[in-house]
Amino acid sequence: MKKWDFLHIIFGVIAFLTGFSCTERIDLPTKDSPPVIVVYGLISDDSDYQGISVSRSSPYFDDLPNEGVSGAEVMVSTSDGRQINFTENDSIKGFYFFNRRFDVTGDTEYSLSVKTDFDGDGSLDVYEAKTEALTTQQGDSLTLEVMDMFGTTSYLLHLYLTDTEGDDYYLFNVFCNDSLLNGSISSAVVTDDKMFPNQQIRLNLYHFGDYLTKDDNPDYMQENMVYIKSGDTLEVRFCRITKEYFDFITQCQNEKGGENPLFGGPASNITTNIGNGGVGFFAVCKFQKMKIKFIKQE
Amino acid sequence: MLIALLLFFPLLLFSQTRTVGGTVCDASTGAPLVGASVSIAESKTGVTTDAKGSFSISLPSENCILAITYVGYESQKIRINRDTPPVVNIKLHTNLLLKEVVVSSLRKDRNVTALTMGTERMSMEEIRLLPAIMGETDILKTLQLLPGVQSVSESSNGFSVRGGSPDQNLILLDNSTVYNPSHQMGFFSAFNSDFMQGIELYKGHFPARQGGRLSSLLEVSTKNDIPAKITGTGGIGLISSRLMIEGPLGSRTSWYAAARRTYADLFLFLAPNEDLHDVSLYFYDLNGKMTHRFSERDNLEFNIYNGLDRMGVNIGHFNYGNTASSLRWNHSFSETLFGKFSLHYTNYLYDLGSDMEGMTVTWISGIRDLGARADFHHLLNPAFDLSYGLTGTYHFFNPGKVYLSGMDLDDYIIPGNEALELAAYLSNEQQVSDRFSLKYGLRYSMFSNYGKNAHTYSAWEPGLGAVFRLTETSSAKANYSHNTQYMQLANNSSAGSPLDVWFSASKNIKPQQVDIVSAGYFRNFSDNRYETSVEVYYKNLKDVIDFREHSQLLLNQDLESEVRTGRGKAYGIEFMVRKNSGRLTGFANYTLSRSERTIPEINQGKTYLAPYDKTHAVNIAATYILSKKLTASAVWVFATGTPSTYPSGRFAIGGDYFPIYSARNEFRKPDYHRMDISLNYAPKAGSAKRWKGEWFISLYNVYNQKNPWIIYYDQDDVTGIPYAEKMYLFGIVPSFGYNFKF
């Protein structure tokens, strides 16, 4: 469980008990900013298929999905002299891939270059980003804790991890039977080590429901919760990431939903490592993996 | 220099005329009458009683007539001669017919004669008659109906004065600071209305005795009757009940006690889900006070307030609350020199905890003050009505300590710091002529931070006010003040939260400063039945703070690195019309204003609107006496929507859309407006029976206006395209209850 989950529960109880607030859609008088290039890629040694997306930003309330940018030259190079060219996917406009396992080397600098005539002036615009792949230590153990709250049984997936020297930032991907549960940026699980520098910490990574009691839960929980049953395999793949990537993910998560009058700050643009006015991020990760099989105790 | 002035002050002998002092109180209850007029017919001079009902007036001759008047009471005249003692206590009898229509405890022509501008007073009678959400009479929400005062968020107790932030308001309960004056995340005031005497708000031009904030001083005074027998007041409402009892203890001692508690959680045992039975969700507050009168010249007062909010489930809890206490000795040295000596203690603390599988986390943060002050009022003659004194407060800042047990982790401690804030002041009210009066003063403040990045700052804070009586019923006024603020709240959200921490000026964070000038025209009509005023103001802020983009303000070891400083300005014009008597009473006001910030590292250095800028604000409050038993009230408020930052673009990653902003606060939320009404029925009004009850029914937001509290973004379940949604807190909220007194 994240450190403030219990706070969310308390405020949830308040909302439930007071029950005054209501919502409805609203039209906002915004203006449309000119398009900028959007580049996002997370390269890792975790998959045989690496992808980088290149697209255009659009007015916030535009009715159409954002448009991919075709025909770009997308290349990743490393400080140890390797160079990988990405090819555009025929069926997904603006998506560039490299379908071989990527050998990520720790403590190595990676550079991304995207060349395209984005502004249509006849000359190539170059958008570059640099990042670093960091080595990641092994985890100590992976456990499931049974929780009984408000009459329902659920499970918390804990990873025990011993932090290393220096300021560290971590990204965690959680799988259930090989399906990635938190692949989007908005559902990514990240943490820094400010609260536990150089110590072992129990990280509460994911909250699962009990498949056998799923029907006892309200509809909104059934829609948003993953339910596990005996025999399911749970896996955590995690890596150390740069502070810049950590900031990017947390800012994306904080800004995506708009304002929070009690605990949020003023709306602010999300920081990027894409140069030349682009937005998005380029990151490289070297993952560690841990698995556990769920056996329900009767 | 100022200290030297104070030390040698007794040597500054002026030709003295005789003075008389004392108190004015209600003959039946002993309650002091605040703002009662005490005047001398011969010289056409007069004063008003202060928050304790006290006055002191200079006599032009040995024989004269003192006239005491107060709206709702029968006037009294007292002949003064050489045998009259220096202290006279005056008891006024209620004019029952008029008492029903009292809406203000102001001196009848105070609007025109008072030297300080931007000052608002409200009596509890006036506040209680106005509609309140869920029937909870709320001092701070009523305050937001006054010109230049705005709510920072729907239904919040946080308020902005003339474009300033909530932490720029100094809130005092009997002179003790209350750092978080609200309950239930800001929805309810921390002040139990039964225990309060009234409020006085200074919108920037503080009396020299107080300082340390930029925007306003709110003085909340507690009851100060001299009860002849045990009496009480109370109420039973939808969400809380309250009781206040007061009585004598011998002939010289009075005591007062009050309690209030919400009870939503008491009914949770009825919930079908057993886990809800253990949920805690309540707030309470307790007030106590004792006054002992040693003699006509001496009395001692002890005040204590304690309030707590508690929310808890089986795996965690969140508590927060204030304690404020004071001990004050009032002494009359002579017929011209009065002194008040007091000790103060205040503590704001929150405690957040979780307990899961034997692993407990406890997070504690807060601020604590210990203070002492000596205030003197020295009335020499009409030219020298002096106030002077010394104050000192020791602050203990605890930005956060997280204690971890049941796991092999070190506690997470953010080092706190301590600071000493000292001030000396001297001010004078001078009647230069029948038409022209001046008020001028100087405050010298010093702040020493003894923690990380220790530093000492000091500042001269002058104040100047002038009133020119144009006619018997009109005046023109002008005021200037320079205020310095040495501590501020690390709050980055629009409404604020109980978790926000106070932090002090340091080597890296300079004190915030403001210069305020204002001018106004004041005119009363129909024997002061109608008051009107128009005030303009301009504020120039220096070293005003904001926070960097994506700042982390909680549990941050290096909070100062998140702070950005720059300049700000605010200006506006406020119109007010008030009707003080008759069946229909109330007020209407309109404010046109602007508040801006320019901070180099925010918004690319471009000027942006302050979060509390509201171009137009209209408030109308009215009470109508339908009969002796029935009173109706209504309130209508309108304000331009608060500045907001809306996205002008978006980018997509995976299935997620993220906003792109073009500038901070370049848009506004929809305008805010709302009407509330209430009806009070007192079946035994005018009866001689001791127990008197009153039923009330109220409707908050009568026409169901859906004022947005939050505007947030989500993506359509089918298309994935983003849309905006508003969350509004309240539709129509009916409430009813029963108030009583005995």
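What counts, and at which threshold
- Residues numbered from 1 in each chain as written.
- Chains lettered and ligands numbered in written order.
- Predicted model: local features only at pLDDT ≥ 70, side-chain atom pairs only at ≥ 80, totals over all residues.
- Heavy atoms only, no water.
- Helix = DSSP H or I, 4+ residues; strand = E, 2+ residues; numbered from the N terminus.
- Rg over C-alpha atoms; globule rule 2.2 N^0.38 Å.
- Contact = heavy atoms within 4.5 Å.
- Areas by Shrake-Rupley, 256 points an atom, 1.4 Å probe, with all protein chains shown as cover.
- Lys, Arg positive; Asp, Glu negative; His and termini not counted.
- Charge placed at Lys NZ, Arg CZ, Asp CG, Glu CD.
- Buried < 20%, exposed > 50% of the residue type's maximum accessible area, 1.4 Å probe, protein only.
- Pairing = 2+ DSSP bridges.
- Axes fitted to C-alpha atoms, helices over the stretch in contact; angles between N-to-C directions.
- Salt bridge = Lys/Arg side-chain N within 4 Å of Asp/Glu carboxyl O.
- Polar contact = N/O pair within 3.5 Å; in protein donor to acceptor, adjacent residues only side chain to side chain.
- Nonpolar A, V, L, I, M, F, W, Y, C, P; charged D, E, K, R; others polar.
- Phe/Tyr/Trp six-rings, centres within 6.5 Å; stacked < 30°, edge-to-face > 60°.
- Lys NZ or Arg CZ within 6 Å of the ring centre and 35° of its normal.
- Domains from an automatic or database assignment.
- Buried area = accessible area lost by both parts, 1.4 Å probe.
- Core = buried A, V, L, I, M, F, W, Y, C linked by side-chain atoms within 4.5 Å.

Undergrad: Break down the overall build of chain A for me, with residues and values.
TA: Tallying secondary structure elements over chain A gives three helices and 18 strands in all. A compact globule built from 298 residues should have a C-alpha radius of gyration of about 19 Å, and chain A, at 21 Å, falls within 12% of that. With the principal axes as the frame, chain A shows a C-alpha extent of 65 × 50 × 40 Å. Of the contacts formed within chain A by residues at least 6 apart in sequence, a portion of 65% connects residues at least 24 apart. Carbon and sulfur atoms provide 48% of the accessible area of chain A, an area that totals close to 14000 Å². Looking at chain A, you have 24 positive and 45 negative side-chain charges, and the mean spots of the two groups are 4 Å apart.

Undergrad: So what about the overall build of chain B? Which residues, and what values?
TA: When helices and strands are counted, chain B shows five helices and 48 strands. What you see for chain B is a C-alpha radius of gyration of 26 Å, in line with the 27 Å of a compact globule of 742 residues. Expressed as lengths along the three principal axes of its C-alpha atoms, the size of chain B is roughly 90 × 60 × 50 Å. Taken over 742 residues, chain B has a buried fraction of 61%. Carbon and sulfur atoms make up 59% of the accessible area of chain B, which amounts to about 28300 Å² in all. Charge centroids of chain B, computed over 70 positive and 70 negative side chains, lie 9 Å from each other.

Undergrad: Describe the sheet that holds strand E47 (residues 722-728) of chain B, naming the residues involved and giving the relevant values.
TA: Across the sheet, three strands lie side by side as E1(A)-E47(B)-E46(B); this open sheet has antiparallel pairing. Edge positions in the sheet fall to strand E1 (22-25) of chain A together with strand E46 (708-715) of chain B, since each of these pairs with one other strand and no more. For this sheet the average axis-to-axis angle between neighbouring strands, irrespective of direction, equals 30°. Sheet analysis places E46 of chain B next to E47 of chain B, joined by seven bridges and oriented antiparallel. When the sheet's bridge partners are listed, tyrosine 713 of chain B is paired in E47 of chain B with alanine 724 of chain B.

Undergrad: Give a detailed account of the interface of chain A and chain B, specifying residues and quantitative values.
TA: Residue-level contacts link 76 residues of chain A with 76 residues of chain B. Where lysine 726 of chain B meets glutamate 24 of chain A, a salt bridge forms, and the shortest distance between an N and an O atom there is 3.8 Å. Our count for the chain A to chain B interface comes out at 20 residue pairs in polar contact (both at pLDDT 80 or more). Secondary-structure elements contributing two or more residues to the side of chain A that touches chain B are helix H1 (5-18), E1, strand E2 (37-44), strand E9 (141-149), strand E10 (152-162), strand E14 (200-210) and helix H3 (243-256) of chain A. Grouping the constituent residues of the side of chain A that touches chain B by class yields 42 nonpolar, 21 polar and 13 charged.

Undergrad: Go over the packing of aromatic side chains, please, and point to the residues and values.
TA: For the structure shown, the criterion picks out 46 aromatic pairs over all chains. With 6.1 Å between their ring centres and 20° between their planes, tyrosine 40 of chain A and phenylalanine 248 of chain A make a pair best called stacked. One end of the pair, tyrosine 40 of chain A, is in strand E2; the other, phenylalanine 248 of chain A, is in helix H3, and 208 residues separate them in sequence. Like tyrosine 40 of chain A, the residue phenylalanine 248 of chain A is buried in the burial classification. Relative to phenylalanine 667 of chain B, the ring of tyrosine 646 of chain B has its centre 5.7 Å away and its plane inclined at 15°; by these criteria the two rings are stacked. Separated by 21 residues along the polypeptide, tyrosine 646 of chain B in the loop between strand E40 (643-644) and strand E41 (647-653) and phenylalanine 667 of chain B in strand E43 (residues 667-668) bring together distant segments of the chain. The rings of Phe318, Tyr320, Tyr348, Tyr350 and Trp363 of chain B are connected pair by pair, giving a single aromatic cluster. Here the basic side chain of arginine 261 of chain B rests over the ring of tyrosine 282 of chain B, its NZ or CZ set 4.1 Å away from the ring centre. It is arginine 650 of chain B that lies over the ring of tyrosine 657 of chain B; its NZ or CZ is 4.5 Å from the centre.

Undergrad: I'd like to hear about the sheet that holds strand E6 (residues 76-80) of chain B, residue by residue, with values.
TA: The strands making up a sheet associate through hydrogen bonds between their backbones, and the pairing can be parallel or antiparallel. Residue and element names in this part refer to chain B. Taken together, the four strands give an open sheet; going across it, the order is E3-E2-E5-E6, and neighbouring strands pair in antiparallel fashion. Two strands lie at the open edges of the sheet, namely strand E3 (45-48) and E6, each paired on one side alone. For this sheet, the mean angle separating the axes of adjacent strands, direction not counted, is 20°. Here strand E2 (residues 37-40) runs beside E3; their pairing, made up of four bridges, is antiparallel. Bridge pairing links serine 39 to glycine 46 in E3.

Undergrad: Got a sec to walk through the domain arrangement of chain B? Specific residues and values, please.
TA: Residues and elements named next belong to chain B. Domain assignment breaks chain B into domain 1 (12-99), domain 2 (112-219) and domain 3 (220-224 + 244-741). One C-alpha centre belongs to domain 1, the other to domain 3, and the line joining them spans 33 Å. Across the domain 1/domain 3 interface, buried area totals approximately 1700 Å², and carbon plus sulfur atoms make up 55% of it. Going through the elements one at a time, strand E1 (19-26), strand E4 (54-58) and strand E7 (87-92) are the ones with two or more residues in the side of domain 1 that touches domain 3. Broken down by element, the side of domain 1 that touches domain 3 gets its largest block of residues, three residues, from E4. Grouping the amino acids of the side of domain 1 that touches domain 3 by side-chain chemistry returns five nonpolar, ten polar and three charged.

Undergrad: Explain the pairing of strand E28 (residues 436-449) of chain B to me, and be specific about the residues and the numbers.
TA: Residue and element names in this part refer to chain B. One ladder, built from 13 bridges, connects strand E27 (residues 417-431) with E28; its direction is antiparallel. By the bridge assignment, glutamine 430 is partnered in E28 with leucine 438. Counting the residues between successive antiparallel strands, the hairpin from E27 to E28 contains four residues. As judged from the 14 bridges shared by E28 and strand E29 (residues 455-471), these two strands associate in the antiparallel manner. When the sheet's bridge partners are listed, leucine 438 is paired in E29 with alanine 466. What sits between E28 and E29 in their antiparallel hairpin is a turn of five residues, with asparagine 453 showing a positive phi close to 55°.

Undergrad: Hey, could you go over the nonpolar core for me, with residue numbers and the actual values?
TA: Counting residues in hydrophobic clusters, the biggest one holds 61 residues, and the most contacted among them are Leu157 and Phe172 of chain A. With five residues, the single largest contributor to this core is E14 of chain A. Setting aside anything within four residues of it in sequence, one finds leucine 157 of chain A in contact with Leu142, Thr143, Leu144, Val174, Leu203, Asn204, Leu205, Tyr206, Phe208, Leu234, Val236 and Ile292 of chain A. Core analysis: the next-biggest nonpolar cluster, separate from the first, contains 47 residues, Ile127, Phe191, Val220 and Phe587 of chain B among them.

Undergrad: Lay out the environment of asparagine 89 of chain B in plain terms, naming residues and giving numbers.
TA: Residue and element names in this part refer to chain B. Take asparagine 89: it is sitting in strand E7. Overall, asparagine 89 belongs to the partly exposed group, its relative accessible area being 42%. With sequence-adjacent residues up to four places away left out, asparagine 89 is seen in contact with Gly22, Thr23 and Glu296.

Undergrad: Give me the lowdown on unusual backbone geometry, citing residues and values where you can.
TA: With glycine set apart, most residues show a phi of negative sign, and most peptide bonds adopt trans. Here the phi dihedral of asparagine 177 of chain A falls at roughly 50°; this positive angle occurs in a residue that is not glycine. Tracing the sequence through the fold places asparagine 177 of chain A in the loop between strand E11 (169-176) and strand E12 (179-180). Not every positive phi belongs to a glycine, and arginine 162 of chain B is a case in point at roughly 50°. Within the secondary structure layout, arginine 162 of chain B lies in the loop between strand E10 (159-161) and strand E11 (169-173). On the basis of relative accessibility, which here comes to 2%, the residue arginine 162 of chain B falls in the buried class.

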